[in-house]
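In case you want the letters, here they are:
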Amino acid sequence: MANTNTDLTEEDAADLQFPKDTDFTSFSKPPALINVSDRNVVLGHCSNCFNELVLRYIFCEKCSLNICLDCFANGAEFGEHENNHEYRVLKIDFLLFNNSDWTAEEELKLIDSLLYYGNWGLVALDFPNRSVNEIKEHYEYFYLNGNGSKNMPVFKTEMALPETIVPYRFQLTDSEDPPRYAYNTVGYQSVAGYNPPRGDFENEYDKNAEDLVASLEPIDTEHPCYEILTNLQYAVAQNYNNRLRERHRRKMVIAQHGLLVLRKTLSWLHRYDLTITRPVYEKFMRFMHSCEPTKFEMLMEGMHRTGELKVQIERLFALRRIGITTLPEGRMYIKLHQMHQENRKKLKLFRSKPIFNWRANKNASFDLSSKFTKKKPLSTPLDIIGLPGFDKLTEKEKEICSTVRLVPATYLELKELLVAENIKVGHVKLQKARSMLKIDVNKTRKLYDFLVAEAYIKK
């Protein structure tokens, strides 16, 4: 039976440092000391009394539990923990790294703040005695560069990306002199009034700007209001110059961002249809006025990469919902799923042959109806993960879109039409839904029944 000594004080418990080890870097798996989900907790809580831990506490080596000094001094036993287990006395008021004046308490607070805020300005609020630059330099030197401990993870200098990101696709030589299309052709219309032989637009921006200076006339030096009239003409000229600068600025934006070559621009933007989506990147095109071409391209590529990661996360969620928890299992499932889809297509093609259609085979001398029954054609569920509007669907809506083979964006538009009609009239008839949606009648029926079952519309 475990011996319990209830006469120990907190000071005595703190001195019982067994096993003793002054090298903090020897612990390859330190206990979880920070609870980042709660900003009021610095070191966690005692596993017995749930009181907040302070600068010195006990860690059970066998149970991996944190115990406060009060519970340890009283010999508390709970769960599978006994008071004769091996333990460590943990303190955080010591200097953690060599050549550093940061205590372990500050290091824990730094990691906690970075995980919670992710912003150096907000992190600095937790360290009133240290500047932002000092905090950043400390983190980069001891953590990112691995100078704090040999057990720190080593970061590779070169990141392995799935594909090379081109900073900017359109060179100025490609956009300054577009092809000279023939008059009244699609290409001629696509350059929006730009005349390549002349190197300028047929219709200038703010084409009435010259009207400001068209009526200006020389002023006689002996005129009594000569100075006033001269200042007015000077102000008019200044206004005219400002409008010319704006005209030139717009021309530079069009030329530098490759907007003269419309087909290249559209093909470039179609790259982001599934990740950023068209409504979003059309709004972001307004930033071309304030961004350099390279920076704007990097902005779009960063959002594109974020969208790709989002699609990958959605696919991982889909695999997790069907019970797949490891990457090898996921790869095996995807491979088998692809084989299954290919076999379904082959089976559908096999059944569509005339030899198995007894109605089309008029020369058949035997009855196939008893051996071959008419089966419903197989339709492969549509993979809608990552398509525009996917994140706006519920789980049931995702299932109906995949089964009925409706793109999420199209489904949302059709749903909005039927819901608006239901609000207007109070109900929606199936015949009315077919006339409004104008899609396949079978898809309309399934979509109509689903919206009725989910109480979006009423019959």
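Below or above, wherever it landed, is the structure these notes cover. Sequence positions are assigned chain by chain, starting from 1 and proceeding in written order. Local features in this predicted model are restricted to residues of pLDDT 70 or higher, and side-chain atom pairs are both shown and tallied only at a pLDDT of 80 or more, whereas totals for entire chains, interfaces and linings draw on every residue. Heavy atoms throughout the structure, all of them, feed into the side-chain values; hydrogens and water do not.

## Overview of the environment of Phe 142
So the rule is basically this: What counts as a helix is a DSSP run of H or I of at least four residues, what counts as a strand is a run of E of at least two, and both are numbered from the N terminus. Contact between two residues is taken to exist if any of their heavy atoms lie within 4.5 Å; hydrogens are not considered.
Here Phe 142 lies in helix H5 (residues 132–144). For the pair Phe 142 and Met 152, spaced 10 residues apart in sequence, the C-alpha to C-alpha distance is 8.9 Å. Those residues in contact with Phe 142, other than ones at most four positions away along the chain, are Phe 97, Asn 98, Asn 99, Ser 100, Asn 147, Gly 148 and Met 152.

## Focus: the packing of aromatic side chains
Inclusion rule: Any two of the Phe, Tyr and Trp rings considered here, Trp counted by its six-membered ring, make a pair once their centres fall within 6.5 Å; the pair's planes then place it as stacked at under 30 degrees, edge-to-face at over 60, or tilted in between. Think of it as a cone above the ring: NZ of Lys or CZ of Arg counts as a charge over the ring if it is within 6 Å of the ring centre and within 35 degrees of the ring normal.
Per the stated rule, a full pass over the model turns up 9 aromatic pairs. Here the basic side chain of Lys 109 rests over the ring of Phe 127, its NZ or CZ set 5.8 Å away from the ring centre. Over the aromatic face of Tyr 205 sits the side chain of Arg 250, whose NZ or CZ is 4.1 Å from the ring centroid.

## Overview of the nonpolar core
What counts here: Residue types Ala, Val, Leu, Ile, Met, Phe, Trp, Tyr and Cys, when buried and joined through side-chain atoms within 4.5 Å, form a set referred to as a nonpolar core. Working definition: with a 1.4 Å probe on protein chains only, accessible area under 20% of the residue-type maximum means buried, over 50% means exposed, and in between means partly exposed.
Within the largest apolar cluster, 22 residues are counted, with the highest numbers of intra-cluster contacts made by Tyr 411, Leu 418, Leu 447 and Leu 451. Residue assignment for this core shows that the elements contributing at least two residues are helix H12 (293–321), helix H14 (395–404), helix H15 (408–425), helix H16 (430–437) and helix H17 (441–453). Residues within four places of Tyr 411 in sequence aside, it is in contact with Leu 393, Glu 397, Ile 400, Cys 401, Leu 406, Leu 447, Phe 450 and Leu 451. The next biggest cluster of nonpolar side chains, apart from the first, holds 16 residues, and it includes Cys 60, Ala 76, Tyr 87 and Val 89.

## Some points on H15
Under the convention used in this document: To estimate how far a helix should reach, multiply one less than its number of residues by 1.5 Å. Note that the arc is computed from the directions linking the helix axis to the C-beta atoms.
Taking 1.5 Å per residue as the helical rise, H15 with its 18 residues ought to reach 26 Å, and the 26 Å between its terminal C-alpha atoms agrees with that figure. Buried within H15 are the following residues: Pro 408, Tyr 411, Leu 414, Lys 415, Leu 418, Glu 421 and Asn 422. Taken around the axis of H15, the buried residues stretch over an arc of 150°, which confines them to a single face. Structural note: H15 exposes Glu 413, Glu 416, Ile 423 and Lys 424 on the side pointing more than 90 degrees away from its buried face. Residues of H15 that are buried in the fold lie against H14, H16 and H17. One or two steps after H15, the chain reaches Gly 426, where phi turns positive at roughly 105°.

## Quick look at the sheet that holds strand E2 (residues 65–67)
Where we set the bar: For two strands to pair, DSSP has to find at least two bridges joining them. Helix axes are fitted to C-alpha atoms over the stretch in contact, other axes to C-alpha atoms as well, and angles between N-to-C directions run from 0 to 180 degrees.
Here 3 strands make up an open sheet; going across it, the order is E2-E1-E3 and the pairing antiparallel. What marks the edges here is a single partner per strand, and that holds for E2 and strand E3 (87–91). The sheet shows a mean angle of 30° between the axes of neighbouring strands, taken without regard to direction. In this structure, strand E1 (residues 56–60) lies alongside E2, joined through 3 bridges in antiparallel fashion. When the bridges of E2 are listed, Cys 60 appears paired with Leu 65.

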